[in-house]
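These are the residues of each chain, in order.
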Amino acid sequence: LRMLAGLIDVDKKESLRRIVYRVSRGNALVKFAEDPQGFVDPREGVEEERDCYMIMFSGRVLNDKIGRLLQTFGASRFGVPDTALLLDRRLADVGRQVDEHVQVKAEALRQKQRLVGRYTESLAETEVLVQREKTVHACMNLFNSRISNRTVLAEAWIPKDQIGAVEGA
């Protein structure tokens, strides 16, 4: 018994099922995943809904025919080992690769937190400082300036008891 597996566009799913039945004269079993998922195409960068398929059949000639058919449909194809031992090895290998990807992703997240963490601790203080500077610059933009003697005139209302502090500044 041979198996082919891969991904195909959701709208081509039923056509594939009927044509595989005709090509194999009923000697192939086609199964699809129940829920299609959105995948991002790495070549074009657009998300498209694809469904996972598995075709089980017997014979080398049928393998070639179904392979050409899948190529015509634009389906991606993944090799499935013929023997149970090879299949178990492949599953273990894929499991290790998934674990490695999870570890790499976790380490990248930890490193990102270490790098950005220093800045997020002082973010609130920095926001207050920037807000103060913006307020000062907004007030200074309201001043009248004279180009000839390079002076800036500012008019403001202040409390009488603060006149000395303002003149001293």
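Right above here is the structure, for reference.
Let me sum up the structure you'll find in this document.

Basis of the calculations
Each chain carries its own residue numbering, running from 1 in the direction its sequence is written. Totals for whole chains, interfaces and linings use every residue, but because this is a predicted model, local features are given only for residues with pLDDT of at least 70 and side-chain atom pairs only at 80 or more, for both listing and counting. Each side-chain value is derived from all of the structure's non-hydrogen atoms; neither hydrogens nor water enter the calculation. Put simply, DSSP H or I for four residues or longer makes a helix, DSSP E for two residues or longer makes a strand, and each gets a number counted from the N terminus. The span one expects for a helix is its residue count, reduced by one, times 1.5 Å. Under the scheme applied here, a residue whose accessible area is under 20% of the maximum for its type counts as buried, over 50% as exposed, and between as partly exposed, the area being computed with a 1.4 Å probe on protein chains only. As used here, the arc belongs to the directions running from the helix axis to the C-beta atoms. Pairs of residues are marked as contacts when any of their non-hydrogen atoms sit within 4.5 Å. Counting of polar contacts relies on pairs of N or O atoms within 3.5 Å, with two restrictions inside protein: one atom must be capable of donating a hydrogen and the other of accepting it, and residues adjacent in sequence are counted only when both atoms are side-chain atoms. The definition of a nonpolar core used throughout is a set of buried Ala, Val, Leu, Ile, Met, Phe, Trp, Tyr and Cys residues joined through side-chain atoms within 4.5 Å. Without a salt bridge and with relative accessible area above 30%, a residue can belong to a patch; like charges are then joined within 9 Å and nonpolar side chains (Val, Leu, Ile, Met, Phe, Trp, Tyr) within 5 Å. Working definition of accessibility: Shrake-Rupley area with a 1.4 Å probe, residue cover restricted to the visible protein chains. The term salt bridge refers to a side-chain nitrogen of Lys or Arg lying within 4 Å of a carboxyl oxygen of Asp or Glu.

Let us look at helix α2 (residues 60–73). Given a rise of 1.5 Å per residue, 14 residues ought to cover 20 Å, and the 20 Å separating the end C-alpha atoms of α2 matches this to within 8%. Turning to α2, its buried residues are L62, N63, I66, G67, L69, L70 and F73. Looking straight down α2, one finds that the buried residues subtend no more than 165° of arc, so they occupy a single side. Facing away from the buried side of α2, by more than 90 degrees, are the exposed residues R60, V61, R68, Q71 and T72. For α2, the secondary structure elements touched by its buried residues are β1 (2–9), α1 (13–24), β4 (47–57) and β5 (76–79).

Let's shift gears to the side chain of S24. Locating S24 in the fold gives a position in helix α1. A polar atom in the side chain of S24 sits 3.5 Å from the backbone oxygen of Y21.

General note: in soluble globular proteins, nonpolar side chains tend to be found buried as a group. Counting 16 residues, the largest nonpolar core has L16, V20, I55, I66 and L70 as the members making the most contacts within it. Elements with a minimum of two residues in this core: β1, α1, β2 (29–32), β4 and α2. When residues of this core are assigned to their parent elements, the largest contribution, five residues, is made by α2. Among all residues touching V20, those that are not within four sequence positions of it are A28, V30, I55, I66 and L69.

Another point: the environment of S58. Its place among the elements puts S58 in the loop between β4 and α2. Taking the C-alpha atoms as reference points, S58 and L29, separated by 29 residues in sequence, lie 10.0 Å from one another.

What follows covers a nonpolar patch on the surface. Taken together, the side chains of V94, V98 and V102 make up a nonpolar region of the molecular surface, amounting to roughly 230 Å² of accessible area. You can see V94 is positioned in helix α3 (residues 84–121).

Per the counting criterion, the structure on display carries four salt bridges. In this structure, R96 and D93 form a salt bridge, with 3.6 Å as the shortest nitrogen-oxygen distance. Pair noted here: R96 and D93 are both in helix α3, with a separation of three residues, about one helical turn. Given a relative accessible area of 49%, R96 falls into the partly exposed group. D93 gets classed as partly exposed once you look at its relative accessible area, which sits at 30%. The salt bridge involving E107 is made with R114; its shortest N-O contact spans 3.5 Å. Judged by its relative accessible area of 33%, E107 falls in the partly exposed class. Beyond isolated ion pairs, a larger network of salt bridges with shared partners links E107, R110 and R114.

In short, the description is geometric, and any link to function would need to be established separately.
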